Amino acid sequence: SAEPIKVGVAAEPYPPFTSPDASGKWVGWEVEFMNAVCAEAKLECVITPVAWDGIIPALTTKKIDAIMSSMSITDERLKTIDFSDKYYNTPTGIIGPKSEKFTATPEGLKGKILGVQVSTIHAEYAQKHFKDVVSEIKEYQTQDEANNDLAAGRVDAVQADAITLDSFLASDQGKECCESKGNVVDDPAVLGAGVGIGLRKDETELKGKFNAAIKAIRANGTYDKFSKAYFDFDVYGK
Amino acid sequence: MMKDEATILPAYKPPKARSLLEPHRLFLMAVFVGVFACAVVFMRWDWLPKYQDRLIAGIWQTLVLLATTSFFGFLLAVPLGLVQVTGPRPLKWLANGFCTIIRGTPLLLQLWLLYYGLGSLFAQFPEIRQSFMWPYLRQAWPYGFTALMLSFAAYEGEVMRGAFAGVPRGELEAARAFGMRRFTMFRRIWLPRAIQRSLPTLNGETVLQLKSTPLVATITVMDTYSVIAKVRSDTLLTYEPLLLLALIYLVLTGILVVAFRYLENRVPNRGA
Amino acid sequence: MDLSLLALSPPGWGGVLLAGLFSSLQLAVGGYLLGLIIGIGGASGKLYGGPIVRDLLEIYTTLVRAIPELVLILLLYYAGTDLVNQLTALLGLPSVDISGLAAGIFVIGVVQGAYSTEVLRGAIKAIPAGQIEAARAYGMSPFMTLRRITLPAMLPYAVPGLSNLWLIATKDTALLAVVGFSELTLVTRQAAGTTKHYLTFFLAAGVLYLAVTLVSNIAIGAIERRARRGMVREA
Amino acid sequence: MSDTAQAIEVRDLHKRFGPLEVLKGVSLTAKQGDVIAIIGGSGSGKSTLLRCINMLELPSAGSVTVHGETIEMKTDGHGGLIPSNRRQVQRIRTRLGMVFQSFNLWQHMTVLQNVIEVPVHVLKQPRDEAIAVAETLLKRVGLYEKRDAYPAFMSGGQQQRAAIARALAIQPLVMLFDEPTSALDPELVGEVLSVIGDLAREKRTMILVTHEMKFARQVASHVVFLHGGVIEEQGPPQAIFEDPKSERLKKFISSIH
Amino acid sequence: MSDTAQAIEVRDLHKRFGPLEVLKGVSLTAKQGDVIAIIGGSGSGKSTLLRCINMLELPSAGSVTVHGETIEMKTDGHGGLIPSNRRQVQRIRTRLGMVFQSFNLWQHMTVLQNVIEVPVHVLKQPRDEAIAVAETLLKRVGLYEKRDAYPAFMSGGQQQRAAIARALAIQPLVMLFDEPTSALDPELVGEVLSVIGDLAREKRTMILVTHEMKFARQVASHVVFLHGGVIEEQGPPQAIFEDPKSERLKKFISSIH
Ligand SMILES: Nc1ncnc2c1ncn2[C@@H]1O[C@H](COP(=O)(O)OP(=O)(O)OP(=O)(O)O)[C@@H](O)[C@H]1O
Ligand SMILES: Nc1ncnc2c1ncn2[C@@H]1O[C@H](COP(=O)(O)OP(=O)(O)OP(=O)(O)O)[C@@H](O)[C@H]1O
Ligand SMILES: [Mg+2]
Ligand SMILES: [Mg+2]
């Protein structure tokens, strides 16, 4: 069709996957992925920023046609929307201030304030595994604000995608205050089967195109090529 | 269908007091009940029991925020209004500047400025981090409280300015003529009279304040709105939680309006 | 504070902020005008409409004024576009692409409309009845009365309320950040988040909003003086 | 049926406000050049009668004929009447110059704009002509200097004179006055009465509701005493004021001296 | 120097508003039991004089002595005077019962609350006592039934009587009235004047600015005619009203009849 595919990304910065730069352009690994996949599938794609909080309603009400915003494939989400095959999968980590020593386990987090981004698998994981031990789980609208509050000392630990956390730790602010406390124990029921492209349920044709394209760029080396600029390991995961 | 000239011509006639039981109202009510029933039957409400406790806690949080910020905001509004009417120049400018700045920028921005801006600035000073204040400063509600309180004070300060200026001069003069001291005059005549004059507007301002409280959800305060936001993200439902939220605020507003009406009727006031 | 971050061209974020301000203003102007149109209709409906129209308008204004703007914006934003799409689907048309701007103007307009209705209704009621009676007595048609007498005569009573609404409109655009519309508040948040200089950007945005308010105040003052030209200045 | 020399003919007019019958069958004829003064106690229906003549109040029954043209009315289904031809009413109104108790000048227009408003926008006269006429009229009522002032900045007497100029500007068949001086401070009454007196001397047709008995006696060609919604007595001013027949008129006249 | 039998003594009072000199040296003595009526044209400075007595307006020069106590003043550096002792002024004010033209009752209090306000909160009388006194006073001015009404719901005459009760409640040495009836509808004037007349008969010291000449003549023991900021003529009422000496007083008296 002549209509471009509107690809929704969370309007809140989520480096290194999606974030706007000073010229207002969206940059990051996921943007490169989108360009590659859309080129492969011969689709014209435009980025449409949407609030993370409203990204699924935006999809179902057709304000956007696909979500490429580090959205993990979970059973709960599958009730409402459909996903393509996964296109990346990373472990979930926890970071904390350098001054305190603890591990990413229920024992380590005892009595701490844990920050997570609202409506993410991490929020759900924290609710399921840490709720009873931590003193409070604070839910942020953006990952960024959670990180910032960690640096500001308003939370004691932040749980998120290990890659995002790494990129935060690599920043000036992160380097100064915080360090990784390790990855959490996997729980596929919550943490899901990796990140996929979110689609409306009836869009099987689009889903097929995307799946084929993902497979193709994995096979022809495009995927690895643009990933290398961002990560020194295989972001596709196991 | 323009048949009666008197009704199409733009001369206002106050509507007659009408009862609830007129046919068209009955019809409207039936429609409303129908819509309500449809909403109950066809929409998903199975999540309600699960979130009930949190919702009640959230409503409580909203009410506490509303009550405290309005109360302290009002306390601040009185001097803000007063100095703008009688204060010395510098104080007048200060109060005026404060009101202009708060009223001229979005509350959302003020909230973030306080929480993410000022709040993270605090964290850079070890002295503050070690002080007894820190356990409070690291929480979100002090920032939410401060922003909401200042905003209320600025808007209500403008109202109080008008109310103070509007107290008839003669009544103040009478107080002076009977030998009242300045403070007695303020306490016994000027302030009560100004408050009486501002009550109707105070009602409106408080409703506006209630409607501003959801913004604190963006800085992690768990009020009614953020509970509903959580429901939305957990259940991925778009409309049901928002409709419930709208209903909750509707009821809260209704309660406020009734409470204020009661308060206003206690001191009869004709046209003042 | 690092002011080079606010430079107009990348790597400074000034350009982005100004673009955001421009979107905000577009939204505010559009929403305000739509609200005004709704308000004129609503006020006439409330004053001269039949009982059903009046009751419906009463429900509209009550609901809008009782429910937080944030909630209304979310509800209207999703429901509004949903409805349009279902309508076009029903008519067999392709789903239309509703831009964020259009949707934003729509929600701000609907919210503003409720307040405008009340402001304009109060202003029309404040016109001394004799003025309109005189127009009738000299054979003016209802429409001419509205155009030549009612609208200009109500202006001095409406200007304070309407200017307040304009200032509210400029600030309410900030709420569209929650639906991801790139207005000033959202781009500020993005810039702050990306650069980690929260204070700088929030202050910069505050200054921009304040500037809009102050400029508006000057314009409003001029309009008000003109509208009140036939009125005795109150003491 | 009706003679065009009759400027206004009111026939058996009834007006009911809900349960209250304010006019209970009033008939009245004003020939060209007549100056009719309507007098009566407060609440006797004087204003209502005047307002029914130009349909500012819709009569419940009866007819009004202006310059031989009867205003077409039909029943509204609730026992009242409504005009069947709105255009006709509007046209007839442009022939009747109404002056109100509280002036009712349009506050957002200057005096001159007030005076030319109807000529220009309703009667579609060229603006220049209307201004020329208006200036002559304003000179007549002694307000030429005030032509660019806004009503709110003028005294009540000046406003009422401006209102008279506005009414004259439409070159009315009949002038209708509803207590034109009762909202004025005593010292301002004179200036307005003198303008109205001038009009009477020019034999302009006028219907005048007034409480100024001395004035009514001087200028009226015919006096109508309204009481309880009916014409209790009428006749030339001498007869009415010096030789009242009915008890009520006697009482009324004695009460006001 | 000054005799305590002199309730009020005003000496060579001057008052300037910017360039306008409103009082140009006024001296006035009120002995206990005197009823002094101040008359004069509009703008002659009557209100200003009265207001200078209790320092609502600060005189530019001159002195005011109340019951033998002279109000201490000092120059303010701009050619005017200011009280050097604010407490003294406040104390003296509690001995002067002022009644204003526009009543100035406190609208947020009932009539009774208005009357007891100063006794309780300024003079620190026990509340019960103050209420007892207030109820007696309200009976006297015929407002006992209205004691729990709010001023906004009462007629002007009732409000002015309440204001008189409020002034009486402080048991003032002198009552000061500034045109107490000129804001009232004509039919309400009588009730207020009759209350003031009663006070005069009781030999209460009063200074009364009024336009009601007939009344002034009845009740005053002494009439002062103010013109252009000076006392043009003064004396017992008969002399002033029947045998005016100065041209201006003659003209004034003829103009008001
Ligand atoms: N719009 C109305 N609705 C109900 N009653 C009305 C209305 N207009 C007038 N009346 C009543 O009709 C009666 C006559 O009123 P009208 O104004 O004609 O008296 P009037 O003779 O002009 O008295 P006044 O000398 O006080 O002006 C009064 O009792 C009045 O209350
Ligand atoms: N606060 C003021 N500032 C400037 N001028 C004033 C002020 N108060 C009074 N005046 C002027 O002082 C003059 C005397 O005023 P005052 O009120 O004493 O007159 P009055 O004799 O009481 O007149 P009236 O009978 O109209 O009450 C007037 O010309 C008035 O304009
Ligand atoms: Mg009348
Ligand atoms: Mg005076």
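Keep in mind that what you see is a predicted model, and the values were worked out from it rather than measured.

K.L.:
Before we move on, could you go through the overall build of chain C and cite the residues and values that matter?
P.N.:
Broken down by element type, chain C carries 8 helices and 0 strands. Ordering the α and β elements of chain C from the N terminus gives α-α-α-α-α-α-α-α. Dimensions along the principal axes, computed over C-alpha positions, put chain C at roughly 70 × 55 × 30 Å. In chain C, buried positions account for 55% of the 235 residues. Within chain C, contacts between residues at least 6 apart in sequence are counted, and of these 74% link residues at least 24 apart. Counting 16 positive and 12 negative side-chain charges, chain C places the averaged centre of each group 11 Å from the other.

K.L.:
Go over the interface of chain D and chain C, please, and point to the residues and values.
P.N.:
Each side of the interface is counted separately: chain D has 30 residues, and chain C has 21 residues. Interface area, chain D with chain C, both sides summed: about 2300 Å², of which 56% is carbon and sulfur. Taken together, the connections running from chain D to chain C amount to 2 salt bridges. The shortest N-O distance in the salt bridge between Arg148 of chain C and Glu117 of chain D comes to 2.7 Å.

K.L.:
Outline the arrangement of the chains, listing residues and values.
P.N.:
Looking at the 6 pairs of chains with contacts, the pair that accumulates the most is chains B and C. There is a clear gap between chain A and chain D: no contact, and 48 Å between their nearest C-alpha atoms. Considering only C-alpha positions, the minimal separation of the non-contacting chain C and chain E is 17 Å.

K.L.:
If you had to explain the site of ligand 2 to someone new, which residues and values would you point to?
P.N.:
Residues and elements named next belong to chain E. Taken together, 13 residues are adjacent to ligand 2, and Ser42, Gly43, Lys46, Ser47 and Thr48 come closest. Tallying contributions element by element places helix H1 (residues 46-53) first for the shell around ligand 2, with 3 residues. Its residues assigned to classes, the shell around ligand 2 comprises 3 nonpolar, 8 polar and 2 charged.

K.L.:
Tell me what's going on with the nonpolar core, and back it up with residues and numbers.
P.N.:
Grouped together as the largest cluster of nonpolar side chains are 214 residues, with contacts concentrated most on Ile164 and Ile207 of chain E. Setting aside residues up to four positions removed in sequence, Ile207 of chain E forms contacts with Ile8, Ala30, Ile36, Ile38, Leu50, Ile53, Val174, Met175, Leu176 and Phe177 of chain E. By size, the runner-up hydrophobic cluster in this structure holds 85 residues, among which are Val10, Leu28, Ile71 and Ala169 of chain D.

K.L.:
Mind laying out the sheet that holds strand S3 (residues 35-40) of chain E, listing which residues take part and the relevant values?
P.N.:
Residues and elements named next belong to chain E. Strand order across the open sheet formed by 6 strands is S8-S9-S10-S3-S11-S12, with mixed pairing between neighbours. Bordering the open sheet on either side are strand S8 (96-99) and strand S12 (230-235), each of which pairs with just one other strand. Between one strand axis and the next, the sheet turns by 20° as a mean value, whatever way the strands run. With 4 bridges joining them, strand S9 (residues 174-178) and strand S10 (residues 206-209) adopt parallel strand pairing. Paired with Met175 across the bridge in S10 is Met206. Lying over the sheet, H1 contacts S3, S8, S9, S10 and strand S11 (222-227), oriented at roughly 150° with respect to S9.

Conventions and cut-offs
Residues numbered from 1 in each chain as written. Chains lettered and ligands numbered in written order. Predicted model: local features only at pLDDT ≥ 70, side-chain atom pairs only at ≥ 80, totals over all residues. Heavy atoms only, no water. Helix = DSSP H or I, 4+ residues; strand = E, 2+ residues; numbered from the N terminus. Buried < 20%, exposed > 50% of the residue type's maximum accessible area, 1.4 Å probe, protein only. Contact = heavy atoms within 4.5 Å. Lys, Arg positive; Asp, Glu negative; His and termini not counted. Charge placed at Lys NZ, Arg CZ, Asp CG, Glu CD. Buried area = accessible area lost by both parts, 1.4 Å probe. Salt bridge = Lys/Arg side-chain N within 4 Å of Asp/Glu carboxyl O. Near = heavy atom within 4 Å. Nonpolar A, V, L, I, M, F, W, Y, C, P; charged D, E, K, R; others polar. Core = buried A, V, L, I, M, F, W, Y, C linked by side-chain atoms within 4.5 Å. Pairing = 2+ DSSP bridges. Axes fitted to C-alpha atoms, helices over the stretch in contact; angles between N-to-C directions.

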